[in-house]
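The residues making up each chain are set out below.
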Amino acid sequence: MLFVCRMPAPFGDYSDSGIDATLDRKQQDFMQRAITGFHRDAENHWVADLECGHTRHVRHNPPWQNRPWVETEEGRARFLGTMLN
């Protein structure tokens, strides 16, 4: 079985750009990967570590990204195992 993991966009998430709309539902489901941990990048932003070895920024940056849970250790712990594209 082939596993594919989409890399995060360099300036944010592709989800609103229509790029994901070109993939069929089976492909989108196939790219879901669980969060295994978190770390901060060089700019001190929170990054999720995914089970496939890739990473994904999960910064809280209102009004564009509303993720207040990432600011606390308890919040991040609640999201371990959550699936991300």
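Reading the values: the criteria
Residues numbered from 1 in each chain as written. Predicted model: local features only at pLDDT ≥ 70, side-chain atom pairs only at ≥ 80, totals over all residues. Heavy atoms only, no water. Core = buried A, V, L, I, M, F, W, Y, C linked by side-chain atoms within 4.5 Å. Buried < 20%, exposed > 50% of the residue type's maximum accessible area, 1.4 Å probe, protein only. Helix = DSSP H or I, 4+ residues; strand = E, 2+ residues; numbered from the N terminus. Contact = heavy atoms within 4.5 Å. Pairing = 2+ DSSP bridges.

Novice: For this particular structure, what's the right way to read the nonpolar core?
Specialist: If you look at soluble globular proteins, the nonpolar side chains tend to sit buried side by side. By size, the foremost hydrophobic cluster in this structure holds nine residues: Ile 35, Phe 38, Trp 46, Ala 48, Leu 50, Val 58, Trp 69, Val 70 and Leu 84. Elements with a minimum of two residues in this core: β1 (33-40) and β2 (46-50). Among the elements that line this core, the one with the most residues is β2, at three residues. Those residues in contact with Ile 35 that sit more than four places away from it in its chain are Ala 48, Asp 49, Leu 50, Phe 79, Leu 80, Gly 81, Thr 82 and Leu 84.

Novice: How do you make sense of unusual backbone geometry when you look at a structure like this?
Specialist: Most of the time, phi is negative for any residue but glycine, and the peptide bond is trans. The step from Pro 62 to Pro 63 runs through a cis peptide bond, and the omega angle for that step is 5 degrees. Of note, Asn 44 is a non-glycine position whose phi angle comes to about 70 degrees, a positive value. Along the chain, the position of Asn 44 falls in the loop between β1 and β2.

Novice: Would you mind showing me how to read the sheet that holds β2 here?
Specialist: Sheets are built from strands that pair by backbone hydrogen bonding, the pairs being arranged parallel or antiparallel. Sheet architecture is open: four strands sit in the order β3-β2-β1-β4, paired in antiparallel fashion. The two strands at the open ends of the sheet, each matched to only one other strand, are β3 (55-57) and β4 (83-84). Bridge count for β1 against β4 is two bridges, and the pairing is antiparallel. Directly across from Ala 34, in β4, lies its bridge partner Met 83.

Novice: I tried to follow the environment of Leu 84 on my own but got confused; where do I start?
Specialist: Mapping Leu 84 onto the fold places it in strand β4. Sequence separation between Leu 84 and Leu 50 is 34 residues, and the spatial gap between their C-alpha atoms is 8.1 Å. Excluding residues within four positions of it along the chain, Leu 84 makes contact with Met 31, Gln 32, Arg 33, Ile 35, Ala 48, Leu 50, Arg 56 and Val 58.

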